[in-house]
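As a plain string of letters, each chain reads:
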Amino acid sequence: MHITGGCHCGAIRYQAEIDPERISICHCTDCQRLTGSAYRVTAPARPDSLTLLSGEPRGYAKYGDSGGLSRQFFCPNCGSPLYRTDGEGGAIGIRVGSIDQRRELTPKKQIWCRSALAGVENIEHLPRFEGED
């Protein structure tokens with residue numbers, strides 16, 4: 001699937017090819033800190049398919065809970081998380097929240113569930129509002 005996306009402030013835009021059948025939710029503690037939320041959702045992109053259309057993201061490298069090296073890329077202006085690559089730069093994981101077509105994408109699996117925060121497994125019972133309450 002061809003996708004486009006970018007950061008919150010609009011400084012960075014990209015395009016890529018992803019496999020919508022491989023979208024995953026990660027509950028690891030690194031992803032919780034990275035997103036400032038309970039988990040992150042990632043769309044794997046085909047190697048070498050990610051093309052930056054505008055802007056230049058910043059990145060840093062960190063060893064994750066799995067022991068593997070991960071390079072995280074984000075907008076230097078607004079801080080939006082955009083994508084990650086593995087230590088060799090081959091595997092690419094695009095942050096679903098930055099994808100323009102995100103409403104068309106549904107996670108297919110969850111990983112690192114032993115780190116999942118209490119209360120995120122089932123939120124159906126929580127009151128729902130169309131806007132801010």
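Before reading on, note that the structure itself is shown above.
Residues numbered from 1 in each chain as written. Predicted model: local features only at pLDDT ≥ 70, side-chain atom pairs only at ≥ 80, totals over all residues. Heavy atoms only, no water.

Caption draft 1: Main features of the pattern of salt bridges. Going through the model one piece at a time under the given rule, you end up with two salt bridges. Residue D100 is joined to R13 by a salt bridge in which the shortest nitrogen-to-oxygen separation is 2.6 Å. Highlighted residues: D100 in the loop between β9 (92-95) and β10 (109-111) and R13 in strand β2 (residues 13-17), separated in sequence by 87 residues. On the basis of relative accessible area, D100 is assigned to the partly exposed category, the value being 40%. (Salt bridge = Lys/Arg side-chain N within 4 Å of Asp/Glu carboxyl O. Helix = DSSP H or I, 4+ residues; strand = E, 2+ residues; numbered from the N terminus. Buried < 20%, exposed > 50% of the residue type's maximum accessible area, 1.4 Å probe, protein only.)

Caption draft 2: Region of the structure containing the layout of surface pockets. Considered as a void within the structure, the largest pocket measures approximately 650 Å³ in volume. Along the walls of the largest pocket sit 29 residues, with C26, C31, R40, S70 and R84 positioned nearest its centre. Listing elements by their share of the lining of the largest pocket, those giving two or more residues are β3 (24-26), α1 (29-35), β4 (40-45), β6 (58-63), β7 (69-74), β9 and β10. The residue inventory of the lining of the largest pocket, partitioned by class, reads twelve nonpolar, eight polar and nine charged. By volume, the second largest pocket amounts to about 340 Å³. What lines the second largest pocket is a set of 16 residues, and nearest its centre among them are V41, R95, V96, G97 and S98. Contributions of two or more residues to the lining of the second largest pocket are made by β4 and β8 (81-86). (1 Å grid on protein atoms, 1.4 Å probe; cavity = no way out; pocket = protein on both sides within 12 Å on 5 of 7 lines; lining within 4 Å. Points joined across faces, edges and corners; volume = space filled by probe spheres on them. Nonpolar A, V, L, I, M, F, W, Y, C, P; charged D, E, K, R; others polar.)

Caption draft 3: The arrangement of the side chain of R84 in detail. Turning to its location among the elements, R84 is positioned in strand β8. In this structure, R84 is buried with no salt-bridge partner, the nearest side chain bearing the opposite charge being D86 at 6.0 Å. Excluding its chain neighbours within four sequence positions, the residues that come into contact with R84 are L69, S70, R71, Q72, A91, I92, G93 and R95. (Lys, Arg positive; Asp, Glu negative; His and termini not counted. Contact = heavy atoms within 4.5 Å.)

Caption draft 4: Region of the structure containing the environment of S49. Among the secondary structure elements, S49 is positioned in the loop between β4 and β5 (51-54). On the accessibility criterion, S49 (16% relative accessible area) is buried. When the C-alpha atoms of S49 and I92 are compared, they prove to be 9.0 Å apart, with 43 residues separating the residues in sequence. A distance of 3.2 Å separates the side chain of S49 from the backbone nitrogen of E17, its partner in a polar contact. (Polar contact = N/O pair within 3.5 Å; in protein donor to acceptor, adjacent residues only side chain to side chain.)

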